[in-house]
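# Topology and contacts: notes
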Amino acid sequence: VRPIPESPRLARTLLTLALPRDVRDEIVGDLEEVFQRRCLNNGAVGARIWYYREALSFAARFQVDRLGEHARMPRGATVMSISRDTRESLRAFARKPLLSATILGSIAVGIGANVALFSVLNALVLRPLPVRDPASLFQIVHAGDAGASASSAYAFYEHLQNNAKTIDGAFLADTSTTKAIIDGQAESIVAQQVTPGYFEVLGVRPHIGAVFQTLDRSGQASTRAAVISHHYWVRRFASDPGILGRTIVVDRVAHTIAGVAPARFVGLDVSRPVDVTVLLDGTRERQYWQSKDFIVRLAPGSSRQQAMLELNPLFHGYVSQHGSLSQTVRDRGFKWLDLESARSGLPELRDRYGTPLKIALAIMLALLLLACANLAGLFLARATDRRRDFAICLALGASRGRLARQLFCESLLFAAAGGVLGVLVAAWGTDAIVTVLADFGLSPALNLDPDLNVLTFTVAASLLTGLSIGVAPAWSMKKVGLNQVLAATGRTVGAARGPFNALIVAQLAVSIVLVVGAMLFATTLSNLKAQPLGFVPGGVLLMTLDADGTDLEGERLGLVHRHILEKLEALPGVVSATFATIPPMSSNVDGKPFSIPGVTFPTPDDGVLQVNTVGPRFFETFGIRLLRGRAVVASDNGTAPKVAVVSESMARYYFPGEDAIGRRVDVGRGRGGQIEIVGIAEDVRYKNLRTPAPRMAYVPALQREAEEESTFAIRMSGDPVSWAAAAVREIKNVAPGIPATDVITLARQRDKTVATERLLASLSLGFGALALALVGIGVYGMVGYTVSQRTAELGLRIALGAGRATVLWLIIREVLILISIAVAIGLTASYLAGSLVSAFLFGVQPAAPWVYAATLVVMVVTGVAATLAPTIRATRIDPIETLRAH
Amino acid sequence: MTHDNFVFILAEGRKRGLVSREGLGEFEQLVLLAILHLESDVYGIPIMEEIERRTGRSVARAAVYVTLRRLEGKKLVSSWMGEATLERRGKARRYVTVTPAGIQALQDTRQTIDQMWRGLHPKLRGAR
């Protein structure tokens, strides 16, 4: 008897695992039968190979068949597959183009606005600098009672660089807008003065040419090198490859262009890209404490904590050895050194842009959530209407999970399409945001190229949108039951109100936070605008002239100033013209030593007074009211007796209970009371709307040496903007070498000082109103829907004798309950968020009771108004008709 | 599920386009026809061989068994278990036969196809 050949065991195991139990034995048997036959005919090896092949083929086919099994209903019919179902629902949406466009549009705008804000936030404060290992860069700030300050002395920087072990390189950088002269042409540039190690420490290699590390480190003033930035090279020199070796005069010093920085590197302050980088003169004012950015790179392996522990003793030791320095440090109240991360640029950027942008982003996200809640309501209503379809699918063998997945699939599809459209919206939105942020000093050259952060945010926002739209309808699938549907054959199936109520509460709560925010920010702005300015901002054009770096000074510059003034006054439409060193709202300060003969001040601070050097007709041009005495006039010139006008608060402070007019004072190094006070003017806010008016003395410009930087102001009878070009042309004719660095209207200058508050107020007001509208529509739609689902019940109640008012109250009561839950949640959230925004408020507490009360009223009115219309319609139903229909 | 419920579900499902009334697929027809051609001892192996012999094309063995299982699910085929032999490692054969519903389904499908073919022959000849 011949032994029976053994079929491959592994292949049999595979078959046992892969085949359905009911057909397993017969198939294995059949295969065995053929295997034996093949062994006889083709030999054992060929038969074994054949068996393996068949086993794999069976396993694959039956697995595929099993995957499709749950989609197949008993007795042969098939339930639609996911993709077919999705296609079907897309077709359904395509049949309602207006609705679909609205859904897509609101998702696109919602996501787009968020992505736009995030891109700007990312570019300004999140994205790491394009330098080597940005995470180990820190800025040294001096902290103490008076807050932190980014400043240092050159000698101290050298001391730290030579002695600290925990740092691996350091540099100073000082950025300013200054004047450059190229080929005899003057222009305004952003220049940066740095110590020689700047590029080396950052690990930035030149695009062409060389950076400072390869240059002579002596920093000799005669042979100075400049590195220009890539964007300046492209813009100013049309990417001329032969640029190296050309001369550029920066700050009156001729520099030779040695290199061009790489394209993506714009310096440490990404909001203000540097045009030209030159070396800091390390030979002058070495011990002088100046505001400069002091950046260090931590040595590999040392932590911020370790560096702080080493640097602070070095700081205190150095300061105690150097008398003049220790005086400055004591005066400024510096107590210790702090290290702030400069990974994404200067830490200051985080304060200036980070917080307002984060608040704005929070508002936008809240709005997106609101829109999502509305859409979720819409999708939920659709899902509810399709419950019978779904119940039948369930009965035919589809799983609940699959139906939920399908609903999710629809909302995710919408979110994905909305996200793609949103990116287009964002491209436009970022431009708008950058324009708005120009008021904060943001350069339009900000690099807004999307990166991985933006991509992640966009995908996350779209996913969040899809999930928040889809979760309520998918959740409602839990409740779909066959018996419920079959029992209700031919009748309306009552919708589960739970998910709808949750959506209403969520919407109301989010919008409460927005409404509270809108009230707070709007109150802040109106409080600020109600602050007495002391001047009339409308109709005034300001032009700042900086003669620094020209050969004009002293008497000749004074002559030029007077000449310009004559020309400006001759322009049509000019009511009056003047110039001053400190125009209102300019943030300029000019403290000068001040004394009153025979008076000893109790504190040294009293010996410093803000002094504004003003031309004739200054008070008239700015609309500053003169309370007593006379103004500065044209006859107050070098030959006339020296006079001054003082501000009201100055007069009250230095001459309490006395008449300041006629008193003699000294400004500057004068002795013996050379200046007589001839007038008292109303207080003027100089810095911004939050800061009270400083004590100020106005002295005639014609009695002093001309100041290099002066601001000319003209008051026009019409729109000042339309005459700006003509005015600038006049100035150019008179003084071709002096560029007008800043041309702006006074009203705009004032608005710039409240840019943050305006941004927050307009954002929160606009979006608060939008939120209320969204909530109104949402509540209207959802209440209307649930009421329509309850017509049978309501009809029955009316038929049984319930009055219409009772039925009305029945529904409104439910909405009021929802509103109270939402108010509890929303006001708690507002209270918690209040501390975050308190720094941006003025004259109003973040938890002001009246704001909360007003919000409550607004919400109840909105909620009830949105409820009334659908409810009244419901109570008008004819009970008999309703019952018959059901 | 009661029969009434099932009928309701099927009717509702068809009305809403959720359930389709499928005709027979081509391979299903081949399998049913092969069973009818073979007179006795009809099981997987001879069915496959019969299709291959008559059509002259090679057939995936697993497809035959998947189809048989589906046809039995649709009640177009009925089956019973035969004897277990040593050369089959003790596994029994499953013998199959076509049910009256299966024959009806075959005829319906043929009729549908024929109706579509009616009158086309002269045209197609002309086209050739």
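Below: a short report on this structure. (Residues numbered from 1 in each chain as written. Chains lettered and ligands numbered in written order. Predicted model: local features only at pLDDT ≥ 70, side-chain atom pairs only at ≥ 80, totals over all residues. Heavy atoms only, no water.)

### Comments concerning the overall build of chain B
Heads up, the rule is: A run of H or I in DSSP counts as a helix once it spans at least four residues, and a run of E counts as a strand once it spans at least two, with each numbered from the N terminus. Exposure classes here rest on a 1.4 Å probe applied to the protein chains alone. A residue is buried below 20% of its type maximum, exposed above 50%, and partly exposed in between. The contact criterion used throughout is that any non-hydrogen atoms of two residues lie within 4.5 Å. For every accessible area listed, the method is Shrake-Rupley and the probe measures 1.4 Å; residues are considered covered only by the protein chains on display.
When its secondary structure is counted, chain B shows six helices and two strands. The N-to-C order of helical and strand elements in chain B reads α-α-α-α-β-β-α-α. With 128 residues in all, chain B has 38% of them scored as buried. Here the analysis covers contacts within chain B between residues at least 6 apart in sequence; of these, 44% occur between residues at least 24 apart. In the structure as shown, chain B presents an accessible area of about 7,800 Å², 52% of it carried by carbon and sulfur atoms.

### Some remarks on the pairing of strand β9 (residues 293–298) of chain A
Residue and element names in this part refer to chain A. How we decide: Here, any two strands with at least 2 DSSP bridges between them count as paired.
In terms of burial, β9 is a largely internal element, six of the six residues being buried. Residues D293, I295 and R297 point to one face of β9 and F294, V296 and L298 to the other, with burial holding for every one of them. As judged from the four bridges shared by strand β1 (residues 137–144) and β9, these two strands associate in the antiparallel manner. The residue of β9 that forms the bridge with F138 is V296. Here strand β2 (residues 167–182) runs beside β9; their pairing, made up of five bridges, is antiparallel. Looking across to β9, one finds that L172 is bridged to F294.

### Considering the side chain of E33(A)
Within the secondary structure layout, E33(A) lies in helix α2 (residues 21–42). For E33(A), a relative accessible area of 8% translates into the label buried. Not counting residues up to four positions away in its chain, the partners in contact with E33(A) are Y43(B), I45(B), E87(B), R88(B) and R93(B).

### Concerning the pattern of salt bridges
Note the threshold: Salt bridges are identified by distance alone: a Lys or Arg side-chain nitrogen within 4 Å of an Asp or Glu carboxyl oxygen.
The final tally for this structure, using the stated rule, is 35 salt bridges over all chains. A salt bridge links E54(A) to R61(B); the shortest N-O distance between them is 3.7 Å. Separated into two different chains, E54(A) in helix α3 (residues 44–67) and R61(B) in helix α4 (residues 61–73) make up a pair that spans both. Given a relative accessible area of 13%, E54(A) falls into the buried group. A salt bridge links E682(A) to R625(A); the nearest nitrogen and oxygen atoms lie 3.2 Å apart. Pair noted here: E682(A) is in the loop between β18 (675–681) and β19 (696–700) and R625(A) is in the loop between α18 (618–622) and β15 (626–629), with a separation of 57 residues, a long-range link. Three or more residues are tied together by salt bridges with common partners; here these are E6(A), R12(A), E32(A) and R89(B).

### Structural notes on a nonpolar patch on the surface
Residues and elements named next belong to chain B. Quick note on the threshold: For patch detection, residues must exceed 30% relative accessible area and be free of salt bridges, and they are connected within 9 Å for like charges or within 5 Å for nonpolar side chains (Val, Leu, Ile, Met, Phe, Trp, Tyr).
A contiguous nonpolar surface patch, about 340 Å² in accessible area, is contributed by I113, W117, L120 and L124. Within the residue set of the nonpolar patch, elements represented by two or more residues are α5 (100–117) and α6 (120–127). L120 sits in the partly exposed class, given a relative accessible area of 31%.

### Some words on the pairing of strand β3 (residues 185–194) of chain A
Residue and element names in this part refer to chain A. The pairing of β2 with β3 spans ten bridges and is antiparallel. Opposite T178, over in β3, you have I189 as the bridge partner. Taken together, β2 and the strand that follows it, β3, pair antiparallel across an intervening segment of two residues, in which D183 is found at a positive phi of about 55°. Pairing between β3 and strand β8 (residues 276–279): four bridges, direction parallel. When the sheet's bridge partners are listed, Q192 is paired in β8 with T277.

### Remarks on the side chain of D636(A)
Residue and element names in this part refer to chain A. Note the following rule: What qualifies as a polar contact is a pair of N or O atoms within 3.5 Å, subject to a donor-acceptor requirement within protein and to the restriction that residues adjacent in sequence count only when both atoms come from side chains.
Here D636 is to be found in the loop between β15 and β16 (643–647). Side chain to side chain, D636 and R630 meet in a polar contact 3.0 Å long. With residues up to four places along the chain from it excluded, the contact list for D636 reads R630, A631, V643, P700, L702 and Q703.

### With respect to the layout of surface pockets
Residues and elements named next belong to chain A. For clarity, the threshold we go by: The rule is simple: put a 1 Å grid over the protein atoms alone, call a set of points where a 1.4 Å probe fits but cannot get out a cavity, call an open set with protein on both sides within 12 Å along at least five of seven lines a pocket, and count a residue as lining if it has an atom within 4 Å of a point. Grid points are joined across faces, edges and corners, and a volume is the space filled by probe spheres set on the points.
Volume-wise, the second largest pocket comes out at about 970 Å³. In terms of lining, the second largest pocket is formed by 43 residues, of which the most central are S106, V109, A371, L770 and L774. If you tally residues by element for the lining of the second largest pocket, the top one is helix α22 (residues 755–789), at twelve residues.

### Examining the packing of helix α11 (residues 347–385) of chain A against helix α16 (residues 498–529) of chain A
Between two packed helices, both the angle of their axes relative to each other and the distance between the axes serve to describe the pair. Residues and elements named next belong to chain A. Cut-off, in case you're wondering: Each axis is a line fitted through C-alpha atoms, taken for helices only over the stretch in contact, and angles between the N-to-C directions span 0 to 180 degrees. Throughout this description, any angle smaller than 35 degrees is read as roughly parallel, any larger than 145 degrees as roughly antiparallel, any in the 65 to 115 degree range as roughly perpendicular, and the remainder as oblique. The sense of a crossing depends on the near helix, which, turned anticlockwise from the far helix by less than a right angle, makes the crossing left-handed and, turned clockwise, makes it right-handed.
Two elements in contact, α11 and α16, have axes whose closest approach is 10 Å; the angle formed by their N-to-C orientations is 155°. Between α11 and α16, the interaxial angle falls into the category roughly antiparallel. Judged by the sense of rotation from one axis to the other, the crossing of α11 with α16 is left-handed. When α11 is examined against α16, the residues I359, I363, A366, L367, L370, A373, N374, A376, G377, L380, A381 and T384 are found in contact with a partner set consisting of P499, F500, L503, Q507, V510, S511, L514 and F521.

### Remarks on a negative patch on the surface
Stated precisely, the cut-off is as follows: Two residue types count as positive, namely Lys and Arg, and two as negative, namely Asp and Glu; His and chain ends fall outside the count. The location of each charge is read from NZ of Lys, CZ of Arg, CG of Asp or CD of Glu.
A contiguous patch of negative charge, built from D551(A), E553(A), E705(A) and E708(A), is present on the exposed surface. Mapped onto the elements, E708(A) comes out in the loop between β19 and β20 (709–716).

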